[in-house]
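Chains, contacts and geometry: an overview
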Amino acid sequence: MERRDKTNYYLDIAEVVAERGTCLRRNFGAIIVKNDEIIATGYTGAPRGRKNCSDLNYCRREQLNIPRGTHYELCRSVHAEANCIISAPRKDMIGSTLYLVCKDPKSGKLVENTNSCAMCKRLIINAGIENVIIRDTKNSFRTVKVKDWIENDDSLSNEFGY
């Protein structure tokens, strides 16, 4: 039997974490790993104590026909990356890797070519995370060097239109 490589092992865990997500549009799962130790996990869901979209059976952004990638301030959910970062001490995140998986809650399928939103990118940069590995298919992934987001600062601003 062939042993699963570490990258896909951690992406598999992030995929399971995504199954806890409560968003009706996209469910992300994230884990932060440093020195082969999982530091934190996070999934997409409403802040503690508030009702989730899956409990309410509606998505406000869908009701308003808001396009994907815009007006996150109208969303009930905290993103998986943010929940993951909130759960970890910064000293443990410096130099770490964040593994990210996105699934469509309606189909249960992986969402290819996904990425963190501009706000989550900012959080990832400030947390000191070094790499983000994003699953596209069960056995394919992309590695993003966070320093590229820093060096291409205009791309973060352009996502918000400023």
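Residues numbered from 1 in each chain as written. Predicted model: local features only at pLDDT ≥ 70, side-chain atom pairs only at ≥ 80, totals over all residues. Heavy atoms only, no water.

Named according to an unreviewed UniProt entry, the protein chain is dCMP deaminase originating from Sporanaerobacter acetigenes DSM 13106. Taken directly from UniProt, the Cofactor (unreviewed entry) text for the protein chain runs: "Zn(2+)". (UniProt positions renumbered as here; feature names shortened; annotations may be inferred.)

The subject of this paragraph is the UniProt feature "binding site: Zn(2+)" (unreviewed entry) in the protein chain. Taken from the UniProt record, the annotation "binding site: Zn(2+)" (unreviewed entry) applies to His79, Cys117 and Cys120. Taken together, the annotated residues stretch across 42 residues yet fold into one region, lying no more than 9.0 Å apart by C-alpha. From the list above, the largest pocket is lined by His79, Cys117 and Cys120. With relative accessibility at 18%, the residue His79 sits in the buried group. Filtering out sequence-adjacent residues up to four positions away, His79 remains in contact with Tyr43, Tyr72, Cys117 and Cys120. Apart from residues lying up to four places away in sequence, Cys120 is in contact with His79, Glu81 and Ala82. (1 Å grid on protein atoms, 1.4 Å probe; cavity = no way out; pocket = protein on both sides within 12 Å on 5 of 7 lines; lining within 4 Å. Buried < 20%, exposed > 50% of the residue type's maximum accessible area, 1.4 Å probe, protein only. Contact = heavy atoms within 4.5 Å.)

Moving on, we come to the layout of surface pockets. Of the pockets and cavities examined, the largest pocket occupies roughly 540 Å³. In terms of lining residues, the largest pocket is bounded by 26 residues, among which Arg68, Gly69, Tyr72, His79 and Cys117 are the most central. Each residue belonging to the lining of the largest pocket can be placed in one class, and the counts come to 10 nonpolar, 9 polar and 7 charged. In terms of lining, the second largest pocket is formed by 16 residues, of which the most central are Tyr43, Ala46, Pro47, Arg48 and Asn83. Elements that contribute at least two residues to the lining of the second largest pocket include exactly β2 (37-43) and α4 (80-86). With 3 residues, the top contributor of residues to the lining of the second largest pocket is β2. Across the lining of the second largest pocket, the residue classes break down as 5 nonpolar, 8 polar and 3 charged. (Points joined across faces, edges and corners; volume = space filled by probe spheres on them. Nonpolar A, V, L, I, M, F, W, Y, C, P; charged D, E, K, R; others polar. Helix = DSSP H or I, 4+ residues; strand = E, 2+ residues; numbered from the N terminus.)

Turning to the state of the cysteines, a few remarks are in order. The final tally for this structure, using the stated rule, is 0 disulfides. For Cys102, which is in no disulfide, the shortest distance to another cysteine sulfur is to Cys23 and amounts to 8.6 Å. Cysteine Cys120 remains unbridged, with the sulfur of Cys117 as its closest cysteine sulfur at 3.8 Å. Residue classification places Cys120 among the buried residues on the basis of a relative accessible area of 2%. (Disulfide = S-S within 2.5 Å.)

In this section: the side chain of Thr114. Mapped onto the elements, Thr114 comes out in the loop between β3 (97-103) and α6 (118-127). Owing to a relative accessible area of 9%, Thr114 belongs among the buried residues under this scheme. Those residues within four positions of Thr114 in sequence are excluded, and the remaining contacts are Phe28, Cys102, Ile134, Asp136 and Arg142.

With 13 residues, helix α1 (residues 6-18) ought to run about 18 Å at 1.5 Å a step, and its terminal C-alpha atoms sit 18 Å apart, in line with that. Of all the positions in α1, only Thr7, Asn8, Tyr10, Leu11, Ala14, Glu15, Val17 and Ala18 are classed as buried. Looking straight down α1, one finds that the buried residues subtend no more than 165° of arc, so they occupy a single side. Along its buried surface, α1 packs onto β1 (27-34), β2, β3, β4 (131-137) and β5 (140-145). Between a side-chain oxygen at the N-terminus of α1 and the backbone nitrogen of Thr7 the separation is 3.3 Å; the capping residue is Asp5. (Expected span 1.5 Å × (residues − 1). Arc of directions from axis to C-beta. Polar contact = N/O pair within 3.5 Å; in protein donor to acceptor, adjacent residues only side chain to side chain.)

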